[in-house]
Every structure is written in C-alpha cells, then in structure tokens.
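Spelled out, the chains give:
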Amino acid sequence: MEEDDFSLCVLDNARKAARAVSRHYDKLARRIGMTPGQFSVLVTIHKYADATTAELAERLSMDRTTLVRNVALVERKGLVASQLVQDGRSKQYRLSPKGEELLNKALPLWRRAQAEVKNHLGSDEFLRAIDTLKRLSEL
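Residues numbered from 1 in each chain as written. Predicted model: local features only at pLDDT ≥ 70, side-chain atom pairs only at ≥ 80, totals over all residues. Heavy atoms only, no water.

Caption draft 1: Spatial organisation of the layout of surface pockets. Computed from the structure, the largest pocket encloses a volume of approximately 2,100 Å³. Lining the largest pocket are 44 residues, and of these Val21, Tyr25, Gln114, Ile130 and Leu133 lie nearest its centre. Of all the elements, helix α1 (residues 10–29) adds the most residues to the lining of the largest pocket, at 13 residues. Here the lining of the largest pocket is composed, by residue class, of 30 nonpolar, 11 polar and three charged. (1 Å grid on protein atoms, 1.4 Å probe; cavity = no way out; pocket = protein on both sides within 12 Å on 5 of 7 lines; lining within 4 Å. Points joined across faces, edges and corners; volume = space filled by probe spheres on them. Helix = DSSP H or I, 4+ residues; strand = E, 2+ residues; numbered from the N terminus. Nonpolar A, V, L, I, M, F, W, Y, C, P; charged D, E, K, R; others polar.)

Right under this line is the structure:
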C-alpha cells in the first residue's frame, strides 16, 4: 500500500484556511453586530437588488434553505426587505435603509480585513490566491 501525504489534502487545507479567514473577518464584523456570513448576504443583496432567492443562492454558492435561513436573520433585524415575485413562488430582496447604513459601517472594516490579508500574503500571492479560490469554487 502506497503512503499518502495528507498534508497535501486540498479538503483539509481548504477547511483550515476557511476557518482562519472566517475568524479574521469575524473579529471585525462582530464590532458592528454582524457575522461574516451576514456581511456576504448583505453585499450580495446590495449588488444584485431585487434578485430572487434562487439567484442569490447561486451567487453565494449556498443551497436555498441555508440562504433563506440567513436572509430571515437579517430581515428580522430590519436590514433586508423582501417581496413576493409576481409568480408568488419566490421572493426578491433588497437592503432596507438600515441595511444600507450598516453595510456602509461594515465596508471600512472589510477593507481593513482585506488589506491585512493582502499584507500577510503579499500583493502577487494575494491575487493568485483569489484566482485559485475562484477556480476551486467551480468544482
């Protein structure tokens, strides 16, 4: 039986990196009462105003059930407003004024987190990492 080098396991290394990156962004996001996941949802809803549940789920690479749960949390906080689509089977979402305000407070913290990661990796490695992560997300 050949010897496997599990230190090269993409799954294990990706999960470790994801946890570390999540902790890094979480430290800053918690300052304004949100999680990195909520930030991602707010940014995506801001960028794709009036997108449907299915469209947002695809953009965020989430299953619909997880997205609906996450959106319900920010909707209860008054950060997102939803309305039924004409067919009555789906919803569209957009940020509320309160959501826009919170996103504007979050952006400087996100920029800081980004700058720290970029500084940690160096500019070229940062861009290569982003490219690699995008390609991995297409598996």
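Caption draft 2: Spotlight on the pattern of salt bridges. Overall, the coordinates contain seven salt bridges when judged by the stated rule. For Asp26, the salt bridge identified is with Arg30, shortest N-O distance 3.0 Å. Linking Asp50 and Arg94 is a salt bridge whose minimum nitrogen-to-oxygen distance equals 2.5 Å. Separated by 44 residues along the polypeptide, Asp50 in the loop between α2 (36–47) and β1 (51–52) and Arg94 in strand β3 (residues 91–95) bring together distant segments of the chain. The partly exposed category is assigned to Arg94, whose relative accessible area is 39%. (Salt bridge = Lys/Arg side-chain N within 4 Å of Asp/Glu carboxyl O. Buried < 20%, exposed > 50% of the residue type's maximum accessible area, 1.4 Å probe, protein only.)

Caption draft 3: Up close: the side chain of Thr52. Mapped onto the elements, Thr52 comes out in strand β1. Not counting residues up to four positions away in its chain, the partners in contact with Thr52 are Val85, Ser90, Lys91, Gln92 and Tyr93. (Contact = heavy atoms within 4.5 Å.)

Caption draft 4: Summary view of helix α3 (residues 53–60). By the burial criterion, the buried members of α3 are Thr53, Leu56, Ala57 and Leu60. When α3 is viewed along its axis, its buried side chains cluster within an angular range of 100° and face the same direction. In this structure, α3 carries Glu58 and Arg59 as exposed residues pointing more than 90 degrees from its buried face. Among the structural elements, α2, β1, α4 (64–76) and β3 are those in contact with the buried residues of α3. (Arc of directions from axis to C-beta.)

Caption draft 5: View of the nonpolar core. With 20 residues, the main nonpolar core has Met34, Val41, Leu42, Ile45, Leu67, Val71 and Val80 as its most contacted residues. Ranked by residues supplied to this core, first place goes to α2 with four residues. (Core = buried A, V, L, I, M, F, W, Y, C linked by side-chain atoms within 4.5 Å.)

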